[in-house]
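Letter by letter, the chains look like this.
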Amino acid sequence: MKKLILVVVGAAMLAGCGQKDDNSLKMITEATFPPYEFLRGQEIAGIDVEICRAVAQKLNRPFKAETVDFDFVIPAVISGKAHLAAAGITVTEDRKKNVDFSIPYVKTGIVVIYKKSNPFTGKDQLKGKKIGVQSGTTSETFVLEQLLQEPERTKSPAEAVAALKSGRVDFVIADIDPAKNCVKGEAELALSDFITSEEYAVAIRKGQPELLKAIDETITELKASGQLDQWIRQFTEESDKLKGE
Ligand code: ARG
């Protein structure tokens, strides 16, 4: 019975009847990053959403998800606007200064997206070229720190790929899974091997050991039960289909 009331209250708040004292666990993300997060109509769907929903369930709290530009995802948990930041966020030493990370849930990395008419031959080839990246990402850091140049910043991996197709950039760097989604059905585009090795984790405001423990336990359980792998398959398939539409 108690649960039912919580669900009703949660729904009322989602409908905009008040935000302040609601007990929801709020996730912040950037939903142009399939299969981790993407828009299914108006709804934010994907692997990260399910991981955070499972944390909310463990804590017996209603769940909400919101999308903002990637640059504002980590600031949103630092300022307390959201509780969980989950957006295919790579664990980095720099970010660890500002937030606490859960245990990782995926091993991954970034790749170069190129036109088959201009094949990627290696990192040196990228120097001095126009490189499209989603703003605020580790792809941006790669261009700044490894290539020592300014990237062409976009709001999403798909926007960077559109710039590649139209010739406004020479290459795109992006995380492998959204990159795969972007090149799906694009016969003239291809992907390189990994140029970095990265891990995704959930980020929260520093100094919340109990919340961190609940997230870590949830991730451990989702891995052990095979549920995480199932979501990876399910949302890859769904977002690939959406791309095809
Ligand atoms: N893994 C990369 C990073 O942490 C890219 C993440 C972008 N995520 C997103 N939902 N747009 O910088």
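Use the structure listed above.
Residues numbered from 1 in each chain as written. Predicted model: local features only at pLDDT ≥ 70, side-chain atom pairs only at ≥ 80, totals over all residues. Heavy atoms only, no water.

Colleague: Looking at this model, I keep getting lost on the nonpolar core. Mind explaining?
Modeller: The nonpolar side chains of a soluble globular protein tend to be buried with one another. Membership of the largest hydrophobic core comes to 31 residues, with the highest contact counts inside it found for Ile51, Leu84, Tyr105, Val202 and Ile215. Looking at this core, the elements with two or more residues in it are β1 (25-29), β3 (43-45), α2 (47-58), α9 (209-224) and α10 (227-244). A total of 7 residues in this core trace back to one element, the largest contributor, which is α2. Other than its neighbours up to four places away in sequence, Ile215 contacts Val55, Leu84, Ser102, Val202 and Ile204. The next biggest cluster of nonpolar side chains, apart from the first, holds 15 residues, and it includes Ile28, Phe70, Ala76 and Val77. (Core = buried A, V, L, I, M, F, W, Y, C linked by side-chain atoms within 4.5 Å. Buried < 20%, exposed > 50% of the residue type's maximum accessible area, 1.4 Å probe, protein only. Helix = DSSP H or I, 4+ residues; strand = E, 2+ residues; numbered from the N terminus. Contact = heavy atoms within 4.5 Å.)

Colleague: Any chance you could explain the site of the ligand here in plain terms?
Modeller: Lining the immediate environment of the ligand, one finds 14 residues, of which Glu30, Ala87, Gly88, Arg95 and Asp175 sit closest. The contact in question runs from a nitrogen atom of the ligand to an N or O atom on the side chain of Glu30, over 2.7 Å. Within the side chain of Glu37, an N or O atom sits 3.1 Å from a nitrogen atom of the ligand. Computed on the free molecule, the ligand has an accessible area of 340 Å², of which 100% lies beneath the protein chains in the complex. A breakdown of the residues in the shell around the ligand according to their chemical character gives 5 nonpolar, 5 polar and 4 charged. (Near = heavy atom within 4 Å. Polar contact = N/O pair within 3.5 Å; in protein donor to acceptor, adjacent residues only side chain to side chain. Areas by Shrake-Rupley, 256 points an atom, 1.4 Å probe, with all protein chains shown as cover. Nonpolar A, V, L, I, M, F, W, Y, C, P; charged D, E, K, R; others polar.)

Colleague: Looking at this structure, how should I read the packing of aromatic side chains?
Modeller: Here a ring pair, both rings aromatic, is described through the centre-centre distance and the interplanar angle of the planes. Scanning the model with the defined rule gives 7 aromatic pairs in all. For the ring pair Phe33 and Tyr36, a centre distance of 6.2 Å and an interplane angle of 45 degrees mean the geometry is tilted. For the pair Phe33 and Tyr36, one class covers both residues: buried. With 6.3 Å between their ring centres and 55 degrees between their planes, Phe33 and Tyr200 make a pair best called tilted. In this pair, Phe33 sits in the loop between β1 and β2 (38-40) while Tyr200 sits in strand β13 (residues 198-200), placing the two residues 167 residues apart along the sequence. Like Phe33, the residue Tyr200 is buried in the burial classification. A network of ring pairs unites the aromatic residues Phe33, Tyr36, Tyr105 and Tyr200 as a single cluster. (Phe/Tyr/Trp six-rings, centres within 6.5 Å; stacked < 30°, edge-to-face > 60°.)

Colleague: Mind showing me how you'd approach α9 here?
Modeller: Given 3.6 residues per helical turn, the α-helix brings residues three or four places apart onto the same face. Its 16 residues give α9 an end-to-end C-alpha distance of 22 Å, which sits within 8% of 22 Å, the value for a rise of 1.5 Å per residue. Those residues of α9 that fall on the buried side of the exposure criterion are Leu211, Leu212, Ala214, Ile215, Asp216, Thr218, Ile219 and Leu222. Residues of α9 that are buried in the fold lie against β1, α2, β5 (84-85), β6 (99-101), β14 (203-205) and α10. The positive-phi residue at the C-terminal boundary of α9 is Gly226, with phi of around 85 degrees. (Expected span 1.5 Å × (residues − 1).)

Colleague: It is not clear to me how the pairing of strand β8 (residues 110-115) should be interpreted in this structure. Could you clarify?
Modeller: Within a regular strand, the side chains alternate between the two sheet faces. Along β8, 5 of the 6 residues are buried, which leaves the element largely enclosed by surrounding structure. Across 4 bridges, the pairing between β8 and strand β11 (residues 171-175) is antiparallel. Pairing of Val112 across the sheet is with Ile173, part of β11. When β8 meets strand β12 (residues 189-191), the two strands line up antiparallel, connected through 3 bridges. Bridging across to β12, Lys115 finds its partner in Leu189. (Pairing = 2+ DSSP bridges.)

Colleague: Where do I start with the environment of Leu212 in this structure?
Modeller: Mapped onto the elements, Leu212 comes out in helix α9. Residues Leu212 and Leu84, 128 residues apart in the sequence, show an inter-C-alpha distance of 9.8 Å.

Colleague: Looking at this model, I keep getting lost on the environment of Val77. Mind explaining?
Modeller: Considering the arrangement of structural elements, one finds Val77 in helix α3 (residues 73-78). For Val77, a relative accessible area of 0% translates into the label buried. A sequence separation of 112 residues divides Val77 from Leu189, and the C-alpha atoms of the two residues are 36 Å apart. When near neighbours in sequence (up to four residues on either side) are disregarded, Val77 contacts Ile28, Ala82, His83, Leu84, Ala85, Val99, Ala203, Ile204 and Arg205.

Colleague: What is the right way to look at the pattern of salt bridges in this model?
Modeller: Proximity of charged atoms lets side chains of opposite charge pair with each other. Evaluation of the coordinates by the stated rule reveals 19 salt bridges. Note that Lys58 is salt-bridged to Glu221, the shortest N-O span being 3.1 Å. One end of the pair, Lys58, is in helix α2; the other, Glu221, is in helix α9, with 163 residues separating them in the sequence. By relative accessible area, Lys58 is classed as partly exposed at 34%. Overall, Glu221 belongs to the partly exposed group, its relative accessible area being 44%. A salt bridge links Glu186 to Lys165; its shortest N-O distance comes to 2.9 Å. Residue Glu186 is found in the loop between α8 (176-183) and β12, and its partner Lys165 is found in helix α7 (residues 157-165); the two are separated by 21 residues along the sequence. Relative accessible area serves as the criterion here: at 37%, Lys165 is assigned to the partly exposed category. (Salt bridge = Lys/Arg side-chain N within 4 Å of Asp/Glu carboxyl O.)

By themselves, these are just geometric observations and shouldn't be taken as functional.
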